[in-house]
Amino acid sequence: MFGKRRNIALLIPNMLACVHKTGKPQISGWEGNAMDTMTEFREVVDQPYAYLQKLKGQTGKKMVGYVCSYTPEEILLAAGAHPVRFFGTKEQIHLADSHLQSYSCSIVRGVLEEGLSGRIGFLDGMIFPHTCDSIQRLSDIWRMNIPFGFHLDLVLPVKLNTSSARDYMTDVLRKFQNDVGRALGVNITDDDLQKAIGTMNAIRQSIRDLYEIRSQYPHLLSGADLYTLVRASMMMDRERLAGMLAETAVKMKAKAAGEKPDASLKRIILVGGMCNHPDIYPLIEKAGGAVVWDDFCTGARYFTELVAGGDDPVAGIAERLIRRVVCPAKHAGLDRRAKHILRLVREHNARGVIFLLFKFCDPHAFDYPDIRKSMDEAGIPVLLLEMEDPLPGEGQLKTRFEAFLEMV
Amino acid sequence: MSEVNSDKEKRKIKSEKKMRDIMTAYYIDAKMARQNNKKVAWITSGGPVEPLIAMDVIPVYPENHGAMIGASKMGVDLCEKAESMGYSNDLCSYARSDISCATVNGGPIGGLPEPDMLVCCNNICGTVLKWYEVQARYFNIPLFIFDTPFCHTEYTKEAKRYVERQIEEYVAFLEGACGRKMDQDRMKDVGRISFEGQKLWQEVLDTAVHKPSPMTAFDAFFHLALIVTLRGTQQTIDYYQGLLAEMKDRIHAGIGAIPREQYRLLWDNLPIWYRMKWLSQKFAEHDACLVADTYTSAWCGAMKYIDENKFLDSMAEAYSRIYLNIGVDEMAKMVIAMIDKYQVDGFVLHSNRSCKPYSLGQFDIQRIVEKERNIPCLMIEADMVDERSFSESQVSTRIDAFMEIIKDRKRT
């Protein structure tokens, strides 16, 4: 489901302590109950299927998978279902090879592998929002080959900056609401939706709070830990998660109260599709860097923007999808992404940008030269790291990060 | 030798010269647009061109240009140039060669005429969206995105409403760019002419049903240019009427496209532009004629949704439901229908690294074809423009092996 490599630092959090230069013993900011909280997140990320099957057994909730951050989780929650994000596979890909050519990305091939292997046969359904050309075909191949669960397409608009596109977004979400209701045999009411919006807003706000704290005091919260927390957020029971995250954010704020920012850290922003390799975080940290923000769909693009209150919950959800930080597979103007990344660099006082480019990810690969040009013009150093599966060896990565951080 | 030459001459399609003349005149006209106070729009191959014709805007097709770059074997050089600009070598080779060509005015015709506006319809892929964004930034000109929601299993009423509204927006965009209102009568005429052109193109392709076939898919790849670039003009109708008459004459005279048509094949995906001649000879040596393909019929495959008298209204659905904007199972059905219609003995699939919407799903289509029609299938790994992804010896060996299987089957 995730990158093939196990993150050793995740399993032994104290290892990270030695790299911080604050002089105080650190355990990544987690103490007491917070430590238990982190343990729970780690368990979910390490053994997601065990967690999901247990959750399904205990609650009887329908498990519904999805592959793109434009999925309106609120509608699934309102239907009483449990949304689960898929990121690829931890296993070798062989079954998917007889359906997808080698030039489709590891995420698309990995998700299909999980379906074909039956490892996620406990799913009750799968949602395919219109994203890129590869996910579009993954949807067809899934529908034609996977015997378990229902299959739903959510054909979102590709352009977002016109009034007809905005109306279509609302129309298609209403259709989705009906489709989900029919697939699950439930009637989704506005009250259900308002409650789900409240939960998702709380989750997004808490993750954002934690990102803000990390940006101010990167030494308090390691990149790998925040990665784990965000990943877990897309898989855990959302009610429980909302409480845990709120509590964690409060504790982290309290912890941060007596802290001073560590000026020695070289502040970096990560940009790309997603990161399936958490081991890159300790490598960056060991080289003297600190990831202070990201533009990932399994990161900041997931939690930015909340659904505004209003009488029409579906219109509110649509509005959020229109306004949120844009994915390169969609169009919201010619310079939206370059400007957004420049703004992130300035707001978070970053000294460099690292692009993690998934091999065969067309939308990001098309954007890269333009964003690179904007960064060059603003004098912001950029490192491009093409993410092949498997990644280059640790030694090679370490050398590249060190050389880059030396330069910034 | 003279016998060989006269046989070659006999099989040569005479309309070809006229086609070259029309295309040359078209590109000269497009290059002179500025002097003649005409506007140029770059448009995607599946895009709604008829409103441009009605507004006297000259449509120019970067994809047609990409095909010319590929056919003239200039693709590698231009793709490498794009890679030096930071574009990954995994990206579409049409896009790569067009993006770099715009900066150096290279390629077989010294670059395309500079556009005044861009019209991007994503009914063929998501790649065109990113490609046209790049060009809109480079030329700093208006970009109209015609967003046709993908029809996995249906054309929803929500999508219908959205696409129909975009037709109004598109007309308003063109009126703004040209500074005048659209002449509705002219638009109706263009719509009827476009429909007529599509019908004729389908009739031309239909002649390949005859045994021996008067044309091959390689011929179709060439004669396709007009239905793509000049759809909606009288010239296209005149040309295809001539071509159709020539095909009918060939059928009467018993002239096949290849000397001995023993085996009939269906082609899937875009052509391998830089190996057209080699591939056509290779198959002809095996007495195999590629009689049809899924690609060239895409420009007349959605005619059933068009009302020729209400073209503008009905084009929303027609442009949304073209071959590449539908589900893999729907595509497989169309492939099966072509297998039956053209009575083919084998199916050749070009797995094209450049085109994910066309290629991802081919394995499933192949399985469906094998199961439902039990004919041999061959998948060729290549790229439409970038020769670096083509191994001639490997493809040659595989074609030989594939043809052996077909011959064996035919014998029994």
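Now for a quick tour of the structure. (Residues numbered from 1 in each chain as written. Chains lettered and ligands numbered in written order. Predicted model: local features only at pLDDT ≥ 70, side-chain atom pairs only at ≥ 80, totals over all residues. Heavy atoms only, no water.)

Here's the deal with the overall build of chain A
Consideration 1: Helix and strand counts for chain A stand at 17 helices and eight strands.
Consideration 2: Taken over the C-alpha trace, chain A has a radius of gyration of 20 Å; the compact-globule value for 408 residues is 22 Å, and the two agree within 12%.
Consideration 3: C-alpha atoms of chain A, sized along the principal axes, occupy 55 × 45 × 45 Å.
Consideration 4: Within chain A, the proportion of its 408 residues that are buried is 66%.
Consideration 5: Sequence separation of 24 or more characterises 75% of the internal contacts of chain A that already satisfy a separation of 6 or more.
Consideration 6: Split by element, the accessible area of chain A, about 14000 Å² in all, is 51% carbon and sulfur.
Consideration 7: Distance between charge centroids for chain A: 2 Å, based on 51 positive and 50 negative side chains. (Helix = DSSP H or I, 4+ residues; strand = E, 2+ residues; numbered from the N terminus. Rg over C-alpha atoms; globule rule 2.2 N^0.38 Å. Buried < 20%, exposed > 50% of the residue type's maximum accessible area, 1.4 Å probe, protein only. Contact = heavy atoms within 4.5 Å. Areas by Shrake-Rupley, 256 points an atom, 1.4 Å probe, with all protein chains shown as cover. Lys, Arg positive; Asp, Glu negative; His and termini not counted. Charge placed at Lys NZ, Arg CZ, Asp CG, Glu CD.)

So, the sheet that holds strand β1 (residues 63-66) of chain A
All names here are of chain A.
Consideration 1: The four strands are arranged β2-β1-β3-β4 in an open sheet whose pairing can be described as parallel. The outermost strands of the open sheet, each flanked by one partner alone, are β2 (82-85) and β4 (150-154). Recorded for the sheet is a direction-independent mean angle of 25 degrees between the axes of neighbouring strands.
Consideration 2: For β1 and strand β3 (residues 125-129), the ladder comprises three bridges, and the chain directions are parallel. Looking at the pairing, Val64 lines up with Gly125 of β3.
Consideration 3: With respect to the sheet, helix α7 (residues 133-145) is in contact with β3 and β4, its orientation differing from that of β3 by roughly 155 degrees. (Pairing = 2+ DSSP bridges. Axes fitted to C-alpha atoms, helices over the stretch in contact; angles between N-to-C directions.)

Observations concerning the pattern of salt bridges
Consideration 1: Inspection of every chain in the model, using the stated rule, returns 68 salt bridges over all chains.
Consideration 2: Residue Lys341(B) is joined to Asp206(B) by a salt bridge in which the shortest nitrogen-to-oxygen separation is 2.5 Å. Taken together, the residues span a long stretch of sequence, with Lys341(B) in helix α15 (residues 328-342) and Asp206(B) in helix α9 (residues 184-206) at a distance of 135 residues.
Consideration 3: Between Glu261(B) and Arg264(B) there is a salt bridge, with its nearest N and O atoms 2.8 Å apart. The residues Glu261(B) and Arg264(B) share a single accessibility class, namely buried.
Consideration 4: A single network of salt bridges, built from pairs that share partners, joins Asp295(A), Arg301(A), Arg337(A), Asp367(A), Lys130(B) and Glu133(B). (Salt bridge = Lys/Arg side-chain N within 4 Å of Asp/Glu carboxyl O.)

Overview of the interface of chain B and chain A
Consideration 1: At the junction of the two partners, chain B supplies 57 residues and chain A supplies 47 residues.
Consideration 2: The contact between chain B and chain A buries some 4500 Å² in all, and 56% of this surface belongs to carbon and sulfur atoms.
Consideration 3: Summed over the shared surface of chain B and chain A, the result is nine salt bridges.
Consideration 4: Residues Lys159(A) and Glu169(B) are paired through a salt bridge, measuring 3.9 Å at the closest nitrogen-oxygen approach.
Consideration 5: For the pair chain B and chain A, the number of links is 32 residue pairs in polar contact (both at pLDDT 80 or more).
Consideration 6: Counting residues per element, the side of chain B that touches chain A draws most heavily on helix α7 (residues 127-139) of chain B, at eight residues.
Consideration 7: Of the residues in the side of chain B that touches chain A, the class split is 26 nonpolar, 15 polar and 16 charged. (Buried area = accessible area lost by both parts, 1.4 Å probe. Polar contact = N/O pair within 3.5 Å; in protein donor to acceptor, adjacent residues only side chain to side chain. Nonpolar A, V, L, I, M, F, W, Y, C, P; charged D, E, K, R; others polar.)

A short note on the side chain of His219(A)
Consideration 1: Within the secondary structure layout, His219(A) lies in the loop between α9 (190-216) and α10 (223-233).
Consideration 2: Within the structure, His219(A) has its side chain in polar contact with the side chain of Glu259(A) (distance 2.8 Å).

Regarding unusual backbone geometry
All names here are of chain B.
Consideration 1: Following Lys211, the chain continues to Pro212 via a peptide bond in cis, the omega torsion being -5 degrees.
Consideration 2: Positive phi, normally seen in glycine, also occurs at Asn269, with a value near 90 degrees.
Consideration 3: As for its position among the elements, Asn269 is in the loop between β5 (263-268) and α13 (276-285).
Consideration 4: Exposure remark for Asn269: the relative accessible area of 0% places this residue in the buried category.
Consideration 5: Even without glycine at this site, Asn374 takes up a positive phi of about 50 degrees.
Consideration 6: As for its position among the elements, Asn374 is in the loop between α17 (362-373) and β8 (377-382).

Points about the pairing of β3(A)
Residue and element names in this part refer to chain A.
Consideration 1: The buried fraction of β3 is high, at five of five residues.
Consideration 2: Along β3, one buried face is formed by Gly125, Ile127 and Pro129 and the opposite face, lined by Met126 and Phe128, is buried too.
Consideration 3: In the classification by handedness, the crossover that spans β3, the intervening α7 and the parallel β4 is right-handed. (Right-handed = clockwise from strand over helix to strand, strands pointing away.)

A few points about the layout of surface pockets
Empty space among the atoms becomes visible once a probe the size of a water molecule is rolled across them.
Consideration 1: The calculated volume of the second largest pocket comes to roughly 390 Å³.
Consideration 2: Along the wall of the second largest pocket there are 19 residues; nearest its centre are Pro369(A), Asp370(A), Lys373(A), Tyr87(B) and Arg137(B).
Consideration 3: Elements that contribute at least two residues to the lining of the second largest pocket include exactly α16 (362-377) of chain A together with α6 (93-104) and α7 of chain B.
Consideration 4: The dominant element in the lining of the second largest pocket, judged by the number of residues it contributes, is α16(A), at eight residues.
Consideration 5: Here the lining of the second largest pocket is built from residues that sort into eight nonpolar, four polar and seven charged. (1 Å grid on protein atoms, 1.4 Å probe; cavity = no way out; pocket = protein on both sides within 12 Å on 5 of 7 lines; lining within 4 Å. Points joined across faces, edges and corners; volume = space filled by probe spheres on them.)

Side note on the environment of Asp98(B)
Residue and element names in this part refer to chain B.
Consideration 1: Positionally, Asp98 belongs in helix α6.
Consideration 2: Residue classification places Asp98 among the buried positions, given a relative accessible area of 2%.
Consideration 3: Here Gln135 takes part through its side chain, which lies 2.8 Å from a polar atom of the side chain of Asp98.

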